[in-house]
Amino acid sequence: MYQHSQVAFDVPFWEDQIAPKLLDGKNVIIAAHGNSLRALSKYIEQISDDDIMDLEMATGEPVVYDFDEKLKVLGKEKLGK
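Just so it is clear, the model here is predicted, and its values are computed rather than measured.

A. Focus on unusual backbone geometry. Phi angles above zero are rare outside glycine, and Q46 is one such case at about 55 degrees. Tracing the backbone through its elements, the reader meets Q46 in the loop between α2 (34-45) and α3 (49-52). Non-glycine residue L71 carries a positive phi angle of around 65 degrees. Within the secondary structure layout, L71 lies in the loop between β1 (63-67) and β2 (73-78).

B. Layout of the packing of aromatic side chains. Per the stated rule, a full pass over the model turns up two aromatic pairs. Relative to F67, the ring of W14 lies with its centre 5.9 Å away and its plane at 50 degrees, an arrangement referred to as tilted. With W14 in helix α1 (residues 4-23) and F67 in strand β1, the pair connects residues that are 53 residues apart, well separated along the chain. Here W14 matches F67 in class, with each residue buried. Aromatic pair Y65 and F67: ring centres 5.9 Å apart, planes at 25 degrees, arrangement stacked.

C. Up close: a negative patch on the surface. Taken together, the side chains of D50, D51, D54 and E56 make up a negatively charged region of the molecular surface. One can find D54 in the loop between α3 and β1. Residue D54 is classed as exposed on the basis of its relative accessible area of 58%.

D. Just the pattern of salt bridges, in detail. A complete count under the given rule lists two salt bridges for this structure. In this structure, D49 and K42 form a salt bridge, with 3.0 Å as the shortest nitrogen-oxygen distance. A relative accessible area of 14% places K42 in the buried class.

E. Focus on the nonpolar core. The biggest cluster of nonpolar side chains holds seven residues, and these are W14, I18, A19, L40, I44, F67 and L71. Of the residues forming this core, the biggest block, three residues, is contributed by α1.

F. Molecular detail of α2. Under the 1.5 Å per step criterion, the end-to-end length of α2 is 16 Å for 12 residues, consistent within 8% with the ideal 16 Å. Turning to α2, its buried residues number three or more, namely S36, R38, A39, L40, S41, K42 and I44.

G. Region of interest: the pairing of β1. Where β1 meets β2, five bridges bridge the pair, whose relative direction is antiparallel. Within the sheet, the bridge partner assigned to V64 lies in β2 and is E77. Between β1 and β2, which follow one another and run antiparallel, lie five residues, and L71 among them has a positive phi close to 65 degrees.

What counts and what doesn't
- Residues numbered from 1 in each chain as written.
- Predicted model: local features only at pLDDT ≥ 70, side-chain atom pairs only at ≥ 80, totals over all residues.
- Heavy atoms only, no water.
- Helix = DSSP H or I, 4+ residues; strand = E, 2+ residues; numbered from the N terminus.
- Phe/Tyr/Trp six-rings, centres within 6.5 Å; stacked < 30°, edge-to-face > 60°.
- Buried < 20%, exposed > 50% of the residue type's maximum accessible area, 1.4 Å probe, protein only.
- Patch = residues over 30% accessible without salt bridge, like charges linked within 9 Å, V, L, I, M, F, W, Y side chains within 5 Å.
- Areas by Shrake-Rupley, 256 points an atom, 1.4 Å probe, with all protein chains shown as cover.
- Salt bridge = Lys/Arg side-chain N within 4 Å of Asp/Glu carboxyl O.
- Lys, Arg positive; Asp, Glu negative; His and termini not counted.
- Charge placed at Lys NZ, Arg CZ, Asp CG, Glu CD.
- Core = buried A, V, L, I, M, F, W, Y, C linked by side-chain atoms within 4.5 Å.
- Expected span 1.5 Å × (residues − 1).
- Pairing = 2+ DSSP bridges.

Below, the structure is given as structure tokens:
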């Protein structure tokens, strides 16, 4: 089972710090531990508990998200390869 405590920690950070900047049209760079990045990806991409375990996250591989005006993910690009 996925670590829900990490999601519980990361979601408020997303809502309080990251989302407002994105809604203001700013670009945001997030550098974090894999578990934190996985939790954020789970939340913003609405990935299920079962499917999150299959999410590949290479160390140091940049991922660029494209969002609509309500922060729904429109696209995701991995830049490492």
